[in-house]
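Descriptive structure summary
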Amino acid sequence: SEMCIRDSQRTVRALRDWENYRSELQGQVDHWHREGELPKTKKLIGNASVDVLGFEQAIALFNEFNYTPRPVFQSYSVYTPRLAELNADFIASPEAPEFFLLKLQIIDERPLMIDDSQLLNLFPHLYTFKLLEKDFYVFQRRKSPPPFESLHPRLIRTLDHPIGKPLSLIEYGAEHIWLKIDLPFSLLGRARSFLYKPPFVRLEVVTSFGEVLTYRLPLTSALAGFQISPHITDFGSYLEAHGGGNPRKVERITLLVDDADRKFFADNAVISLSRTPSTNTSEEYHQQIE
């Protein structure tokens, strides 16, 4: 392909002039070091343990922090219920780091809260905001967090729901709603997934802001569960969900599968809705910023 040809050409040029290429790389690394310096954060955390939520773990290495990563250290790699549980158990354990650098990030057009979802559900209950530096929100472990058992999603109901049919969530208002989706493959779908790859499933979300948002839905991640409402698309809506005055409530959701791919799935998905507690993170944030 054209990309492979360009890569090959760059490799040949690098081999022909290795010293110049090496110097260019070192210059880029030096630039990243300068851009990634977090002096305020360094002063705050000292040699305390720290992890990075998101996929920019290099920030901890550039600043020579006491990097103490969770078992699956990049959030987008947490794609099964078991991996989600590993990270959630870690953050609730005595081995969890004293600080986290939070940068809400996502790949592949997924819902923002689906990666590392179980850890993110616990996070605002266990950590409190301290400062913002260069797009990284620094959180410190709470001295008296609530009991771990009180933070689990509490089941509201489970239902078999058809693909393509909207499911209303209006009755839940601004409550924190945890969504789990189990969409089984048909026999043909299991064969395709084994021999090739599973077909795409999309999740359409209609919010109280009048938005119609469509996401790619990794089915193994959806089986682990994630917060769907109030809907979070950035740090601002994260704060609104946790104690703000204008949360983005979800009015309805719809599972979407292309007509050509319907034969690869069962007709209905098993959908579970649960409640999770909110926090006063928004108030804590504004107190620190002001």
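The structure we're discussing is the one just above.
What counts, and where the lines are drawn
- Sequence order sets the numbering: in each chain, residues are counted from 1 along the sequence as written.
- At least 70 in pLDDT is required for a residue's local features to be given in this predicted model, at least 80 for side-chain atom pairs to be given and counted, and no such filter applies to totals for whole chains, interfaces and linings, which use all residues.
- Hydrogens are left out, water is left out, and the side-chain values use all remaining heavy atoms of the structure.
- Exposed residues in this analysis have more than 50% of their type's maximum accessible area, buried residues have under 20%, and partly exposed residues fall in between, with area computed by a 1.4 Å probe over protein chains only.
- Helical segments are the DSSP runs of H or I of at least four residues, strand segments are the runs of E of at least two, and each set is numbered from the N terminus.
- In this context, the arc is that of the directions from the helix axis out to the C-beta atoms.
- Strand pairing requires that DSSP identify at least two bridges connecting the strands.
- Interaxial angle, 0 to 180 degrees, is taken between N-to-C directions of lines fitted to C-alpha atoms, where a helix line uses only the stretch in contact.
- Under this rule, positive means Lys or Arg and negative means Asp or Glu; His and the chain ends count for nothing.
- The salt bridge definition used is simple: a Lys or Arg side-chain nitrogen within 4 Å of an Asp or Glu carboxyl oxygen.
- Here, two residues are considered to be in contact whenever any of their heavy atoms come within 4.5 Å of each other.
- To sort the angles, those under 35 degrees are grouped as roughly parallel, those over 145 as roughly antiparallel, those from 65 to 115 as roughly perpendicular, and the leftovers as oblique.
- Crossing handedness follows the turn of the near helix against the far one: under a right angle anticlockwise gives a left-handed crossing, and clockwise gives a right-handed one.
- Asp, Glu, Lys and Arg are counted as charged, while Ala, Val, Leu, Ile, Met, Phe, Trp, Tyr, Cys and Pro are counted as nonpolar; the rest, among them Gly, fall into the polar class.
- Stacked, edge-to-face and tilted are the three classes for Phe, Tyr and Trp ring pairs, Trp counted by its six-membered ring, which pair at centre distances within 6.5 Å; planes under 30 degrees apart are stacked, over 60 edge-to-face, the rest tilted.
- Either the NZ atom of lysine or the CZ atom of arginine qualifies as a charge over a ring when it sits within 6 Å of the ring centre and within 35 degrees of the ring normal.

All buried positions along helix H10 (residues 281–289) are accounted for by Thr281, Ser282, Glu284 and Tyr285. The buried residues of H10 occupy one face: seen down the axis, they fall within an arc of 165°.

This next bit is on unusual backbone geometry. Backbone torsion omega between Ser229 and Pro230 reads -10°, so that peptide bond is classified as cis. Here Glu64, not a glycine, exhibits a phi torsion of approximately 55°, which is positive. Structurally, Glu64 can be placed in the loop between helix H4 (58–62) and strand E2 (66–67). We classify Glu64 as exposed; its relative accessible area is 73%. If you check the backbone angles, Asp135 has positive phi at about 70° while not being a glycine. Summarising the element assignment, Asp135 is placed in the loop between strand E4 (127–133) and strand E5 (136–141).

Moving on to the sheet that holds strand E10 (residues 212–216). Within the open sheet, the four strands sit side by side as E7-E12-E9-E10. Their pairing is antiparallel. The sheet is open, and its two borders are formed by strand E7 (167–168) and E10, each paired with just one other strand. Sheet topology places strand E9 (residues 202–207) next to strand E12 (residues 250–256); six bridges connect them, and they run antiparallel. Residue Val206 lies in a different strand from E12, and its bridge partner there is Arg252.

A few words on the sheet that holds strand E8 (residues 176–182). Backbone-to-backbone hydrogen bonds pair the strands of a sheet. The strands run either parallel or antiparallel. Taking strand neighbours across the sheet as the criterion, the four strands line up as E6-E13-E8-E11 in an open arrangement whose pairing is antiparallel. Edge positions in the sheet fall to strand E6 (154–162) and strand E11 (226–229), since each has one partner strand and no second. Ignoring strand direction, the axes of neighbouring strands in this sheet form an average angle of 35°. In this structure, E6 lies alongside strand E13 (residues 268–276), joined through eight bridges in antiparallel fashion. Looking across to E13, one finds that Leu155 is bridged to Ser274.

Locating Asp261 in the fold gives a position in the loop between E12 and E13. Here Asp261 sits buried without a salt bridge, and the closest side chain of opposite charge, Arg192, lies 4.2 Å off (N-O distance). In contact with Asp261, other than residues within four places in its own chain, are Arg192 and Pro199.

A few words on the packing of helix H5 (residues 81–91) against helix H6 (residues 117–126). Remark: H5 packs on H6, axes separated minimally by 8 Å, with the N-to-C direction vectors making an angle of 15°. Between H5 and H6, the crossing angle belongs to the class labelled roughly parallel. The way H5 lies across H6 gives a crossing that is right-handed. The residues of H6 that touch H5, namely those facing Pro81, Ala84, Glu85, Asn87, Ala88 and Ile91, are Gln118, Leu119, Leu122, Phe123 and Leu126. Of the residues belonging to the contact of H5 with H6, the class tally is eight nonpolar, two polar and one charged.

What follows concerns the packing of aromatic side chains. What describes a pair of aromatic rings is the distance from one ring centre to the other and the angle between the planes of the rings. All chains considered together, the criterion is met by 13 aromatic pairs. Ring geometry for Phe123 against Tyr127: centres 5.3 Å apart, planes inclined by 15°, an arrangement best described as stacked. The pair formed by Phe123 and Tyr127 is uniform in burial state, with each residue classed as buried. Measuring from ring centre to ring centre gives 5.7 Å for Phe129 and Phe139, while their planes differ by 75°; the resulting arrangement is edge-to-face. Placement of the pair is Phe129 in strand E4 and Phe139 in strand E5, with a sequence separation of 10 residues. Of the two residues, Phe129 and Phe139, neither departs from the other in class, the shared state being buried. Here the aromatic cluster, defined as three or more aromatic residues joined through ring pairs, consists of Phe100, Phe123, Tyr127, Phe129, Tyr137, Phe139, Phe235, Tyr238 and Tyr285. If you follow Lys103 out to its NZ or CZ, it ends over the ring of Phe136, 4.9 Å from the centre.

Remember that the coordinates give geometry; whether it matters functionally is a separate question.
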